[in-house]
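Next come the chains, spelled out residue by residue.
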Amino acid sequence: MAAGPVVVATWRFGVPACEAAWQVLASGGSALDAIERGANVTEEDPSVQSVGYGGLPNAEGVVELDAAIMDGPTHGAGAVGGLTGIRRPISVARAVMERTPHSMLVGGNARRFALAAGFEDADLLTEESRRRWREWVATHGMPDVAHFDGAGLDLGLDSERMDEPSHDTIGLCALDAGGRLAAGCTTSGLAWKLPGRVGDSPIVGSGLYADQDVGAAAATGNGDEIMKVCLSYRVVMLMESGLSPQHACEEAIRYLLRKRPEHQAHGAACIALSAAGEFGAAATREGFDAPGRQWLWAVGDASGVTLHEGPTVTLDEP
Ligand code: SD4
């Protein structure tokens, strides 16, 4: 008999997402539906400037969304990368999984698919995100993407300027009453990214992973680093080798730090949920342990939805 139901999500905005997901789980709904419902709450919230509607745009002022969903029982997955002008990208990702033989659609053709599948065209910029982009262009100038040499573009990865709301992905892992697992991830990605840049979030094994026999994981942080170590896959594999979700998260973050010690100013974090309903989370200390930027994550279960802090990990510790 499986434990649960339970849902885990990244960041403070994971609280309303968990509340919505919990409603689904509590009424006997599937983990997959819970993930989608929870993620949609964050995607539709204009005050979250790192996910969906209201997310900060790329260097040219266009909001490009990445999202993916993974279903434990079928080991199915769907994803979209660089999706523009659609408000609920995780639902498009689910449609990719359920209505096509493929796993990921990108760019203009992901948008065409979404429109054909019945999603509405939407302006994703809010007054606030437009204002912030104009401010960024005024201080940095427009990068010349066609002749980009890597020198002139400031992606805003300086951790001192990274306040909590500006760059964070919602990742969710859920276990339903029937013992089914699912994971999801949705983001507008790094603010001011090069047009066409796709992060870890829509990539199975990097931004999210679910193995029905073991557990699920999701990641947030600098996707250009996260994808180099397939962070979510690593967390789940560590759980498979016998580590608890908490220790698996800490060990996977340590692995990232070992492999890329010079590249962690922006940081990375992960959450995990086992098939038995245990959960855990960890983040790099650098990037996620500054005033206004603590590593926070949310849990929803029968006792309610709670916000948790830390732990953060460095290489100096065993
Ligand atoms: C990305 N992982 O696109 C996302 C962004 C993020 O905290 O989660 N930032 O790289």
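This text follows the structure it describes.
For clarity, every value in this text was computed on a predicted model and none was experimentally measured.

(A) Representation of the overall build of the protein chain in the model. Across its full length, the protein chain holds eight helices and 15 strands. Against the 2.2 N^0.38 benchmark of 20 Å for 318 residues, the protein chain shows a C-alpha radius of gyration of 18 Å, consistent with a compact globule. Dimensions of the protein chain along its principal axes, counting C-alpha atoms only, are 60 × 50 × 30 Å. Expressed as a percentage of the 318 residues in the protein chain, the buried residues total 58%. Considering only contacts in the protein chain between residues 6 or more positions apart, those separated by 24 or more positions represent 67%. Considering the protein chain, the positive charge centre built from 24 side chains and the negative charge centre built from 42 side chains are found 3 Å apart.

(B) Quick peek at the sheet that holds strand β7 (residues 208-211). The strand order across the open sheet formed by five strands is β7-β8-β9-β10-β15, and the pairing between neighbours is mixed. Lying at the two open borders of the sheet, with one neighbouring strand each, are β7 and β15 (312-313). Note that strand β10 (residues 279-284) and β15 share two bridges and pair parallel. Across the sheet, the residue bridging to Ala-283 is Thr-312, located in β15. Sheet contacts for helix α7 (residues 231-240): β7, β8 (215-221) and β9 (268-274); angle to β8, the most-contacted strand, approximately 145°.

(C) Region of interest: the packing of aromatic side chains. Summed over the entire model, instances satisfying the criterion amount to six aromatic pairs. Geometrically, the ring pair formed by Trp-11 and Trp-295 is edge-to-face, given 5.2 Å between the ring centres and 85° between the ring planes. Placement of the pair is Trp-11 in the loop between β1 (6-10) and α1 (14-26) and Trp-295 in the loop between β12 (293-294) and β13 (296-301), with a sequence separation of 284 residues. What makes Trp-11 buried here is its relative accessible area of 1%. Both rings, one in Phe-288 and one in Trp-295, keep their centres 6.1 Å apart while their planes meet at 20°; by these two values the pair is stacked.

(D) Structural detail: the nonpolar core. With 92 residues, the main nonpolar core has Val-92, Leu-172, Leu-231, Val-235, Ile-271 and Trp-295 as its most contacted residues. Leave out the neighbours within four places in its chain, and Leu-231 touches Gly-205, Ser-206, Ala-219, Ile-226, Ala-252, Ile-253, Ala-269 and Cys-270. Leu-56, Trp-133, Ala-191 and Trp-192 belong to the second-largest nonpolar core, a separate cluster that totals six residues.

(E) Expanded view of the packing of α7 against helix α8 (residues 245-259). Between α7 and α8, the least distance of the axes is 8 Å, while the angle of their chain directions is 135°. Overall, the two elements α7 and α8 adopt an arrangement that is oblique. Relative to α8, α7 is oriented so that their crossing is right-handed. Contacts between α7 and α8 involve Leu-231, Arg-234, Val-235, Leu-238 and Met-239 from the first element and Pro-245, Ala-248, Cys-249, Glu-251, Ala-252, Ile-253 and Tyr-255 from the second. Grouping the constituent residues of the contact of α7 with α8 by class yields 10 nonpolar, no polar and two charged.

(F) Region of the structure containing helix α5 (residues 127-140). Taking 1.5 Å per residue as the helical rise, α5 with its 14 residues ought to reach 20 Å, and the 20 Å between its terminal C-alpha atoms agrees with that figure. Those residues of α5 lying buried are Ser-129, Arg-132, Trp-133 and Trp-136. Take α5 and look down its axis: the buried residues cluster within an arc of 100°, on one side only. Among the exposed residues of α5, those pointing more than 90 degrees away from its buried face are Glu-127, Arg-134 and Ala-138. Among the residues trailing α5, Gly-141 stands out with phi positive, at a value near 75°.

(G) Structural view of the state of the cysteines. A full pass over the atoms with the stated rule returns zero disulfides. Counting only cysteine sulfurs, Cys-173 is the nearest neighbor of Cys-18, a cysteine outside any disulfide, at a range of 9.9 Å. Judged by relative accessible area, Cys-18 falls into the buried class, the value being 0%. Cys-249 takes part in no disulfide bond, and the closest cysteine sulfur to it belongs to Cys-270, at a distance of 3.8 Å.

(H) The sheet that holds strand β14 (residues 304-309), seen in detail. The strand order across the open sheet built from eight strands is β4-β3-β2-β6-β5-β1-β13-β14, with neighbouring strands paired in mixed fashion. What marks the edges here is a single partner per strand, and that holds for β4 (104-106) and β14. Neighbour to neighbour, the strand axes of the sheet diverge by 10° on average, direction disregarded. Sheet strands touched by α1: β1, β5 (170-175), β13 and β14. Its angle to β1, the strand with the most contacts, is close to 160°. Docked against the sheet, helix α4 (residues 107-116) engages β3 (76-83) and β4, running at close to 110° with respect to β4.

Reading the values: rules and limits
Residues numbered from 1 in each chain as written. Predicted model: local features only at pLDDT ≥ 70, side-chain atom pairs only at ≥ 80, totals over all residues. Heavy atoms only, no water. Helix = DSSP H or I, 4+ residues; strand = E, 2+ residues; numbered from the N terminus. Rg over C-alpha atoms; globule rule 2.2 N^0.38 Å. Buried < 20%, exposed > 50% of the residue type's maximum accessible area, 1.4 Å probe, protein only. Contact = heavy atoms within 4.5 Å. Lys, Arg positive; Asp, Glu negative; His and termini not counted. Charge placed at Lys NZ, Arg CZ, Asp CG, Glu CD. Pairing = 2+ DSSP bridges. Axes fitted to C-alpha atoms, helices over the stretch in contact; angles between N-to-C directions. Phe/Tyr/Trp six-rings, centres within 6.5 Å; stacked < 30°, edge-to-face > 60°. Core = buried A, V, L, I, M, F, W, Y, C linked by side-chain atoms within 4.5 Å. Parallel < 35°, antiparallel > 145°, perpendicular 65-115°, else oblique. Left-handed = near helix turned anticlockwise from the far one by under 90°. Nonpolar A, V, L, I, M, F, W, Y, C, P; charged D, E, K, R; others polar. Expected span 1.5 Å × (residues − 1). Arc of directions from axis to C-beta. Disulfide = S-S within 2.5 Å.

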